[in-house]
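In case you want the letters, here they are:
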Amino acid sequence: MTRLKLEQHPDRLVNFMIFRNVKNCVDILKMVKSGHIGSALISENMVVSSLHLGVAINRALHNLSNGSMKTKHINTEIMMCLSPNNNISHSLSRFGLNENTNNLVSVSICDNEDQLSEMTQQLKTAINADLVNDCRGFFYDDFEICDVYGISKEELAVDTLENSVVTKIATKV
Amino acid sequence: QHYFIQSNLRTCRMTTILSQGAEGRLFETTFLGRPCLRKERFKKSYRHPELDEKLTNKRISQESRILSKCRSLGIRTPTVYYVDYKTNSIYMEYLKEAQVLKDFIEQNVSQNKRTEVGDLCYEVGYTIALLHNGDLVHGDLTTSNMLAMQRNNKHEVVLIDFGLSSSSSLIEDKAVDLYVLEKAFLSTHPESQDLLAKIVSGYCNVSRDQMAVMKKLEEVRMRGRKRSMVG
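Below is a short write-up of the structure. Given the structure is predicted, the values throughout are model-derived calculations rather than measurements. (Residues numbered from 1 in each chain as written. Chains lettered and ligands numbered in written order. Predicted model: local features only at pLDDT ≥ 70, side-chain atom pairs only at ≥ 80, totals over all residues. Heavy atoms only, no water.)

A closer look at the interface of chain A and chain B
Accessible area lost on assembly of the parts is the figure often given for the size of an interface. Of the residues lining the interface, 29 residues belong to chain A; the matching set on chain B comes to 25 residues. On the chain A side of the contact with chain B, Glu7, Gln8 and Val158 of chain A bury the most area, a combined 26% of that side's loss. Seen at the junction of chain A and chain B, the total is 2 salt bridges. Of the charged contacts in the structure, one is a salt bridge between Asp159 of chain A and Arg76 of chain B, with a shortest N-O distance of 2.9 Å. Joining chain A to chain B, the criterion identifies 10 residue pairs in polar contact (both at pLDDT 80 or more). Looking at the side of chain A that touches chain B, the elements that each hand over two or more residues are helix H2 (50–65), helix H7 (153–158) and helix H8 (161–170) of chain A. Looking at side-chain class alone, the side of chain A that touches chain B contains 9 nonpolar, 11 polar and 9 charged residues. (Contact = heavy atoms within 4.5 Å. Buried area = accessible area lost by both parts, 1.4 Å probe. Salt bridge = Lys/Arg side-chain N within 4 Å of Asp/Glu carboxyl O. Polar contact = N/O pair within 3.5 Å; in protein donor to acceptor, adjacent residues only side chain to side chain. Helix = DSSP H or I, 4+ residues; strand = E, 2+ residues; numbered from the N terminus. Nonpolar A, V, L, I, M, F, W, Y, C, P; charged D, E, K, R; others polar.)

Shown next, in the form of structure tokens:
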């Protein structure tokens, strides 16, 4: 489990975990639909880095506190903030889970350590997969990311994929 | 350096004021532990509050949109982390390893590294041409609004401060953009016509409308004005 220290939201505990070789996607999807998973579940192939996650989560938390969320829940708002556009169903289908997802990233937003251990336990029980210990690198799909975010070869020559993606989601209107 | 303790709801965050201009203040802070700059635009109290809010919001949304568009044009600009419309602030990466071009030129010219400076000036022209090809004008081209950053043993140009930038396909606006740079460059860096020539050279090699812009630039020089006379 890795902590993301968001300076602009000091009273929130933000943590993520990476699960690989997920075996029970269909069950997880059912649990998400029935509201039994309190964390956001993101498809790992669309996550470039912890900065990418952090920028989206930071914006989602600001939207929550100023009442300007475009979705109904912080978890779906995080997905929206990851997306290059404001199409809610597009962001859920691109960044969320589907029946064939192999690797996923869970994001838990908590107010205290007890809540965090509860959420973590919930995830470990619900997800039948290998929990990754070293969360410094994400297995992302270059091609898919460039396609979804509209990043050209010229843009990649200027700076890292991470910085391009982050700027795109931070400056999205 | 001035230390300004900014209170935010129940917490106090130490941020350092880096500088203050006519339009706003620059703070140094961190974002997920990374060095970060916060550019905050002032509220203009002489304006009607509702109007001021709308205008300032429009300004920062334009600035952040252009920071993103530059990348797709092949121009290096600071990575944006967050845009806060409530406080009119843009949070972006702080390129600590980069040097303001003005200082780079001053330092290296005095150290007899004129060729290196010349090469970088060529890059400056090249970068501005990319901007203009994308139908964007910077609005405040000076060597204080450019950074020299080392990357793979080479120096590259980073454009910053798009506070006065706008989108325009007019040759006139592009020529004025260059004219502003020309005047600022020659006054900031004395005896540097050769370096300016490198900038023009870099520009002309990449600009889509180089002939038209150069011709217009000649006209603008004769007028001796900064502003466009269109409309």
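A closer look at the sheet that holds strand E7 (residues 99–100) of chain B
All names here are of chain B. In spatial order, the strands read E7-E9-E10; together these 3 strands make up an open sheet with antiparallel pairing. The two strands at the open ends of the sheet, each matched to only one other strand, are E7 and strand E10 (154–159). Inspection of the sheet shows E7 paired to strand E9 (residues 146–151) by 2 bridges, in the antiparallel sense. When the sheet's bridge partners are listed, Gln99 is paired in E9 with Ala148. In the packing of helix H3 (residues 114–133) onto the sheet, contacts are made with E9 and E10, and the angle to E10 comes to roughly 40 degrees. (Pairing = 2+ DSSP bridges. Axes fitted to C-alpha atoms, helices over the stretch in contact; angles between N-to-C directions.)

Quick look at empty space enclosed by the protein
All names here are of chain B. Under the definition given, this model contains 1 cavity of 30 Å³ or more. Here the largest cavity defines a volume of roughly 60 Å³. Forming the walls of the largest cavity are Leu178, Leu181, Glu182, Leu196, Ile199, Val200, Tyr203 and Leu217. Elements represented by at least two residues in the lining of the largest cavity include exactly helix H4 (171–188) and helix H5 (193–206). The element best represented in the lining of the largest cavity is H5, accounting for 4 residues. Per-class residue counts for the lining of the largest cavity are 7 nonpolar, no polar and 1 charged. (1 Å grid on protein atoms, 1.4 Å probe; cavity = no way out; pocket = protein on both sides within 12 Å on 5 of 7 lines; lining within 4 Å. Points joined across faces, edges and corners; volume = space filled by probe spheres on them.)

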